[in-house]
Amino acid sequence: MEKLVVVEVKERIGWITLNRPEKRNAMSIDLIASLSEALEVLAGNSEAKVIVLKAEGKAFCAGADLDYIRQLQNFTFEENLEDSRKLLDLFTKIYEYPKPVITQVQGHALAGGCGLVTVCDFAFSAPEALFGYTEVKIGFIPALVSVFLAEQIGQAKATELLLSGELISAQKATELGLITQVVADGALEQFTEEFAQKLIQSNSGLAMKETKRLLRSLGKQQRDEALIAAAEANARARASEDCIQGIAAFLSKTKPVW
């Protein structure tokens, strides 16, 4: 059985690869757990100075897995809250990670997949990749990511993306500050690796760690409180009639009538 997440350390770069190409690297309970475990392993690996998060297949991450979405329909509020906190822990772990985290986005990053991109320090994308927080289209709310996104690109731009649920191009994502740079076709992997090596060779690992720690300490109490509230809002939204209707429509490949 192939691993959901593949971890490799090569030339002082810790590579984490989402490995569900047949499912467009959709997020499941197991994938979230495996990704969190991979980050913990590399945090303690002194050889890995910079982390690169990438994915196999055409999509970077298509959001929630279908089986995962089906399970949500039968969860109690307490189970939904516990599940939401696991994703909160993953996002926070990446956002506050002691080493720089770079995302290599070779394909579409949607919903929770776009959330992964949001919490990384740098994001480099292929021109054809699309980005979007599509939760509102199925009666769900992008609760957790809203906290990080507003902090990263500002309230107004975050509102535009989260309320519209529309997909945007990699170029538009760059203009909004969601990602760092669009890289020419065929050059993404090489560019990302060279950028990671530049960080490793030019910058002090300790200085980058402490700089990031200082940046993340700014507004941390307020952010943590907002995330706790977001996890509860996430759990409540899953039991709403709109979410139940939206998930049913999504699973049956029809359009919900709002």
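Engineer: Explanation requested: the packing of helix H5 (residues 143-153) against helix H6 (residues 155-164) in the structure shown.
Structural biologist: Helix-helix packing is characterised by the crossing angle of the two axes and by the distance between the axes. Contact geometry for H5 and H6: axes closest at 7 Å, N-to-C directions at 135°. As summarised for this structure, H5 and H6 are arranged oblique, according to the angle between their axes. Taken as a pair, H5 and H6 cross one another with a handedness that is right-handed. Contacts from Val145, Ser146, Leu149, Ala150 and Ile153 of H5 reach H6 at Gln155, Lys157, Ala158, Leu161 and Leu162. Taken together, the residues of the contact of H5 with H6 sort by class into seven nonpolar, two polar and one charged.

Engineer: Just to check I follow, could you spell out the packing of helix H3 (residues 77-95) against helix H10 (residues 220-238) for this structure?
Structural biologist: Across the interface, H3 lies against H10 with an axial gap of 8 Å and an inter-helix angle of 140°. On the basis of their axis angle, the class for H3 and H10 is oblique. For the element pair H3 and H10, the recorded crossing hand is right-handed. Across the interface between the two elements, Phe77, Asn80, Leu81, Asp83, Ser84, Arg85, Leu88, Thr92 and Tyr95 of H3 pack against Arg223, Leu227, Ile228, Ala231, Glu232, Asn234, Ala235, Arg236 and Arg238 of H10.

Engineer: Would you mind going over the sheet that holds strand E3 (residues 50-55) with me for this structure?
Structural biologist: Taken in spatial order, the six strands make up an open sheet running E1-E2-E3-E4-E6-E9, and their pairing is mixed. Where the open sheet ends on each side, the last strands, each with one partner, are strand E1 (5-10) and strand E9 (181-182).

Engineer: I tried to follow helix H8 (residues 188-202) on my own but got confused; where do I start?
Structural biologist: An α-helical turn contains 3.6 residues, so any two residues separated by three or four positions project in the same direction. Compared with an ideal rise of 1.5 Å per residue, which puts 15 residues at 21 Å, H8 spans 21 Å between its outermost C-alpha atoms and is within 8% of the ideal. What H8 keeps buried is the set Leu188, Thr192, Phe195, Ala196, Gln197, Leu199 and Ile200. Elements in contact with the buried residues of H8: strand E2 (13-18), E3, strand E4 (101-105), strand E6 (122-125) and helix H9 (205-217).

Engineer: Mind showing me how you'd approach the nonpolar core here?
Structural biologist: As a rule of thumb, nonpolar side chains are buried together in soluble globular proteins. The biggest cluster of nonpolar side chains holds 58 residues, and the ones touching the most others in it are Ile16, Leu18, Leu35, Phe60, Leu90, Leu116 and Phe131. In contact with Leu35, not counting residues within four places along its chain, are Val5, Ile16, Leu18, Leu53, Leu90 and Leu116. If you look at the next biggest cluster of nonpolar residues, it comprises 14 residues, including Ile13, Val50, Val52 and Ile102.

Engineer: When you look at the pairing of E2 in this model, what are you seeing that I'm missing?
Structural biologist: For a regular strand, side chains alternate in direction, first toward one face of the sheet and then toward the other. In terms of burial, E2 is a largely internal element, six of the six residues being buried. Of the two faces of E2, both are covered, the one formed by Ile13, Trp15 and Thr17 as well as the one formed by Gly14, Ile16 and Leu18. When E1 meets E2, the two strands line up antiparallel, connected through six bridges. Within E2, the position partnered with Lys10 by the bridge is Ile13. Across six bridges, E2 lies against E3 in parallel orientation. Following the sheet pairing, Leu18 is matched in E3 by Ala55.

Reading guide: rules and limits
Residues numbered from 1 in each chain as written. Predicted model: local features only at pLDDT ≥ 70, side-chain atom pairs only at ≥ 80, totals over all residues. Heavy atoms only, no water. Axes fitted to C-alpha atoms, helices over the stretch in contact; angles between N-to-C directions. Helix = DSSP H or I, 4+ residues; strand = E, 2+ residues; numbered from the N terminus. Parallel < 35°, antiparallel > 145°, perpendicular 65-115°, else oblique. Left-handed = near helix turned anticlockwise from the far one by under 90°. Contact = heavy atoms within 4.5 Å. Nonpolar A, V, L, I, M, F, W, Y, C, P; charged D, E, K, R; others polar. Pairing = 2+ DSSP bridges. Expected span 1.5 Å × (residues − 1). Buried < 20%, exposed > 50% of the residue type's maximum accessible area, 1.4 Å probe, protein only. Core = buried A, V, L, I, M, F, W, Y, C linked by side-chain atoms within 4.5 Å.

In short, the description is geometric, and any link to function would need to be established separately.
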